[in-house]
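# Observations on the three-dimensional arrangement
So the chains spell out like this:
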Amino acid sequence: METNAKKMNVYEEASRCLLCLDAPCTKACRTGNPARTIRAIRFDNCKPALRWVRACSDEDLERAEQACIHYNSPIRIRQIIHSIATDDVDESKYPDLGITFCGIRCENPFFLASSAVCTNYEMVAHAFQMGWAGVFYKTICLDDIHEVSPRFDAMYTTATHGDFYGFRNMEQLSENAVDVDFDILHRLKTNYPAKVVVASIMGKTEDEWMALAKMAEDAGCDAIELNFSCPQMKNKGMGSDVGQNPELVKAYTACVKRAVKIPVIAKMTPNITHITEPAEACLQAGADALSAINTIKSVTMSTKAEVSGQRTISGYSGRAVRPIALRHVLEMAQMPQKPQLSGIGGIETWRDALEFIQLGCSNVQVCTAVMQYGYRIIDDLTLGLQCYMAKCGVTDLQQLVGEQLPSFLTPSNLDRGTIVYPKFDQEICIGCGRCQISCSDGGHQAIVFNSETRRPRLVGTKCVGCHLCRLVCPTGAIGLTKRIEKK
């Protein structure tokens, strides 16, 4: 069993876990919490995961495995746990995750994004109790909102159920009456004074924007987010159509800044070529920070997502959009004004959040991952970030904000005189030949595959160091050599 355990890809096996409610495996184990361990691995906290099963015997783990209700085959709990190395970071040395955003002290950088994950008092209160630092409450407007059914669709491979990489929604704004929503926000701030409560608002005229902003301030909100970016608003003058117009966002930001004293955050749309144009306009009008991105306009074709046989363009989110979100955040971070930023888009693990922080965000918002996995992911978001900081010797989260910005250059300024060749680990290679197929049909024909030994060989004179082979290798058998001068 030990040999097989060493060969196991624990992340791959943990990804099969259904992440059950009231997990039968943990109930059967008695002495530990294997479900929590597997969830920690699933969300990129492999080494710290052992803390929940330290007292478990093999008999405990065997009972847990037998209780697994996976529809295909039980998760190999014992092998997963025996494959994990002991954590080399002392958890007693984990740093505090407190950070300041818009002059507001936050216990950690993780907030709920304005969406279906925060539509009433009970939801947000539960999230606060679980450890979320704050909420950008679902957008409040003066219009009468009636949502469609169904309103969601997802993109996933044919081999998976429930684990989607892209998510489409037709949600608009809060369906609650305005006075109901502001009462909810007031109660949240009263009952959870250490948490950060941000009201997201949307108006059609300057008077509406100012009226909603004043109501937010009167309710005790810490800040206001101006939703200039909802991609599926039915009325003109609202949503992402506004966010594409620098003059409008400047006017609305300015009038809200005149109306209130609390910080004002402008939420930008990705449905635009140059996000910096409206972003700069918002800053000129006095915006205290920018948040981005909202969902990307998209189309899916599933008949199950039709509304009375009809379809529409609506918003796309989930881990598939993260690179696009990072691009927009980077462009705003590189503006001369150096704005405070709140990052949104495809954040699922602590490492995803770290990428936004390293590009200049001192606050991150999460939506789709919460819809998919629940508020409980806050445990692994904070755990992973703390573990990373402790390992790097970082004591203040602010030290990580924007640390990767200097590494970004224009394409013309990148080093084009050196090369990094791929390196093949024959012990890990299983001889599938995927590298040769991709290099032959999509690369530079630089790999020769021996059909008898079932092993690839690199032809250095043809290799250009593109690393397509490394990216398609299913076992991670292809790595990197040292960078050298091109011949």
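Higher on the page you've got the structure.
To keep things clear, this report deals only with the structure shown in the data block. As the structure is a computational prediction, the values presented were derived from the model and not from experiment.

Attention shifts here to the overall build of the protein. The number of helices and strands found in the protein is 18 helices and 20 strands. Taking 487 residues into account, the globule formula puts the C-alpha radius of gyration at 23 Å, and the protein, at 25 Å, falls close to it. Taking the principal axes of its C-alpha atoms as reference, the protein extends roughly 75 × 60 × 55 Å. Burial analysis of the protein (487 residues in total) assigns 54% to the buried set. If you sum the accessible surface of the protein, you get close to 22700 Å²; carbon and sulfur atoms cover 51% of it.

Let us look at empty space enclosed by the protein. Throughout the structure, instances matching the rule amount to 5 cavities of 30 Å³ or more. Put simply, the largest cavity is a space of about 490 Å³. Lining the largest cavity we find 39 residues, and of these Ser114, Ser115, Asn294, Thr295 and Cys367 sit closest to its centre. At the level of secondary structure, the elements contributing two or more residues to the lining of the largest cavity comprise β4 (134–140), β6 (166–169), β12 (314–317), β14 (361–366) and α15 (368–373). Among the elements that make up the lining of the largest cavity, the one with the highest residue count is α15 (4 residues).

Closest axis-to-axis distance for the helix α7 (residues 121–130)/helix α8 (residues 178–191) pair is 10 Å, and the angle between their directions is 25°. When the interaxial angle is binned, α7 and α8 end up roughly parallel. In this structure, α7 crosses over α8, and the sense of that crossing is right-handed. Residues Tyr121, Val124, Ala125 and Phe128 of α7 pack against Ile184, Arg187, Leu188 and Asn191 of α8.

Ordered in space as β3-β4-β7-β8-β9-β10-β13-β14, the 8 strands form a closed barrel in which the pairing is parallel. Direction aside, neighbouring strands of the sheet carry axes that sit 25° apart on average. In the packing of α7 onto the sheet, contacts are made with β3 (110–112), β4 and β7 (196–201), and the angle to β4 comes to roughly 165°. The sheet strands contacting helix α13 (residues 322–333) are β10 (289–292), β13 (340–344) and β14, and the helix crosses β13 at an angle near 175°.

Remark: the centre distance and the inter-plane angle together describe each pair of aromatic rings, the angle taken between the planes. With the rule as written, the count across this model stands at 8 aromatic pairs. Ring geometry for tryptophan 350 versus tyrosine 388: centroids 5.7 Å apart, planes at 40°, classification tilted. With tryptophan 350 in helix α14 (residues 350–358) and tyrosine 388 in helix α16 (residues 378–392), this pair connects stretches of sequence that are 38 residues apart. Owing to a relative accessible area of 5%, tryptophan 350 belongs among the buried residues under this scheme. Among the aromatic residues, ring-to-ring pairing joins Phe152, Phe164 and Phe167 into one connected group. Arginine 36 extends its terminal NZ or CZ atom over the ring of tryptophan 52, reaching a point 4.2 Å from the ring centre.

Core analysis: the biggest nonpolar cluster contains 135 residues, and Trp132, Leu188 and Leu290 have the highest contact counts within it. When residues no more than four places from it in sequence are discounted, the contact partners of tryptophan 132 are Phe110, Phe111, Leu112, Ala127, Lys195, Val366, Val370, Tyr375, Ile377, Ile378 and Leu381. Membership of the second largest hydrophobic core comes to 11 residues, among which are Cys435, Cys439, Ala477 and Ile478.

Cut-offs and rules
Residues numbered from 1 in each chain as written. Predicted model: local features only at pLDDT ≥ 70, side-chain atom pairs only at ≥ 80, totals over all residues. Heavy atoms only, no water. Helix = DSSP H or I, 4+ residues; strand = E, 2+ residues; numbered from the N terminus. Rg over C-alpha atoms; globule rule 2.2 N^0.38 Å. Buried < 20%, exposed > 50% of the residue type's maximum accessible area, 1.4 Å probe, protein only. Areas by Shrake-Rupley, 256 points an atom, 1.4 Å probe, with all protein chains shown as cover. 1 Å grid on protein atoms, 1.4 Å probe; cavity = no way out; pocket = protein on both sides within 12 Å on 5 of 7 lines; lining within 4 Å. Points joined across faces, edges and corners; volume = space filled by probe spheres on them. Axes fitted to C-alpha atoms, helices over the stretch in contact; angles between N-to-C directions. Parallel < 35°, antiparallel > 145°, perpendicular 65-115°, else oblique. Left-handed = near helix turned anticlockwise from the far one by under 90°. Contact = heavy atoms within 4.5 Å. Pairing = 2+ DSSP bridges. Phe/Tyr/Trp six-rings, centres within 6.5 Å; stacked < 30°, edge-to-face > 60°. Lys NZ or Arg CZ within 6 Å of the ring centre and 35° of its normal. Core = buried A, V, L, I, M, F, W, Y, C linked by side-chain atoms within 4.5 Å.

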